[in-house]
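So the chains spell out like this:
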Amino acid sequence: MEVGYKKVIIVKLAIAAVGLILTFLIVKRASRSVRRKRLLASPFPAEWEQIVEENVPLYNRLPDAMKRQLQGLVHIFIAEKTFEGCGGLEITDEIKVTIAAQASMLLLNRKTPYFPKLHTILVYPHTYVADIVSSNGAVQISGRSIRLGESWQNGPVVLAWDSVKGGTVNITDGRNVVLHEFSHQLDQEDGIADGAPILEHRARYVTWASILSKEYEALQKKKGGRAVMNKYGATNPAEFFAVATETFFEKAKQMKKKHPELYDELKDYYKLDPVEWQ
Ligand SMILES: [Zn+2]
């Protein structure tokens, strides 16, 4: 076979392969979007409704249309993500629905890729102890850390079921481990955990950065006294966004009063106004 002829065949095969891959991706995307539309419109099982009403008090505050929207999001979450029980915990509908409903609160009213990097949620029965190795300049510090939950970039979200339940019972303390860890997932969607999730327009980043960094520094400087936001938010910008998210949902009124600019930024991002639900 002549070299030129061989080349033509290789090029044609390569074009055919690219065409096949593209067709496969387009079909996969289309069927996923059809499946999601079907899930969004699926009836919500009565047992699930009972679980969210009992375990997710925030749900009870939502306007009816938003409740229906959340039910659809819960269907998608449960269909697309895998739950794994750790430390002998058996995964039940209660665990899945309670976690899915709270995580999905963060997706309401928004165009969302549904936590695209997340495939698995690992659930431990109790607050667990994890080995940590952190780098402090040239020194590596190893130790043990008590964890309520964690969110890995391109990896799983890890939660302790007792913390999940504890966090939902009191919805005015500004602490909710599910909202916290899943807001980290939103932050990590662009590949960097820096407290800036993907915003709708490029121009929005300037205001976001200026308001959040100002509030972050203020929280760092705050000494004693009562604060609306948990001091853990002063750890780094990523934790600040996660703690701000918890506060936004659970202490909306106080946040709007004491940190109106921060509240407005989050209201704009989450496309929600939790003050109206109270
Ligand atoms: Zn965190």
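In what follows, the structure referred to is the one given above.
Counting of residues starts from 1 at the beginning of each chain's written sequence and follows it residue by residue. Predicted model: local features are reported for residues with pLDDT of at least 70 only, side-chain atom pairs are reported and counted for 80 or more only, and whole-chain, interface and lining totals are derived from all residues. Processing note: side-chain calculations cover all non-hydrogen atoms of the structure and skip hydrogens and water entirely.

This brings us to the environment of Thr247. The topology assignment puts Thr247 in helix α9 (residues 237–250). Put simply, Thr247 and Asn230 are 17 residues apart on the chain and 8.2 Å apart in space, counted from C-alpha to C-alpha. Two residues qualify as a contact provided that any one of their heavy atoms is within 4.5 Å of a heavy atom in the partner residue. Contact partners of Thr247, with chain neighbours within four places excluded, come to Gly174, Val228, Met229, Ala252 and Met255. A helix here means a DSSP run of H or I that spans at least four residues, while a strand means a run of E at least two residues long, and both kinds are numbered starting from the N terminus.

A separate point is helix α4 (residues 64–80). Take the residue count of a helix, subtract one, and multiply by 1.5 Å to get its expected span. Between its first and last C-alpha, α4 extends 25 Å over 17 residues, near the 24 Å set by a 1.5 Å rise per residue. Burial classes follow relative accessibility: with a 1.4 Å probe on protein chains only, a residue under 20% of its type's maximum area counts as buried, one over 50% as exposed, and anything between as partly exposed. Taken as a whole, α4 has its buried residues at Met66, Lys67, Leu70, Gln71, Gly72, Leu73, Val74, His75, Ile76, Phe77 and Ile78.

Should DSSP find at least two bridges between two strands, the strands are regarded as paired. Spatial ordering of the open sheet is given by β1-β2-β6-β5, a layout of 4 strands whose pairing is mixed. The open sheet terminates on both sides in strands that have one partner only, identified here as β1 (82–85) and β5 (149–151). Ignoring which end each strand starts from, the neighbouring axes of this sheet average 20 degrees apart. Two elements, β1 and strand β2 (residues 120–124), share 4 bridges in a ladder whose sense is parallel. Within β2, the position partnered with Glu84 by the bridge is Leu122. Here the axes come from fitting lines to C-alpha atoms, over the contacting stretch only for helices, and the angles between their N-to-C directions go from 0 to 180 degrees.

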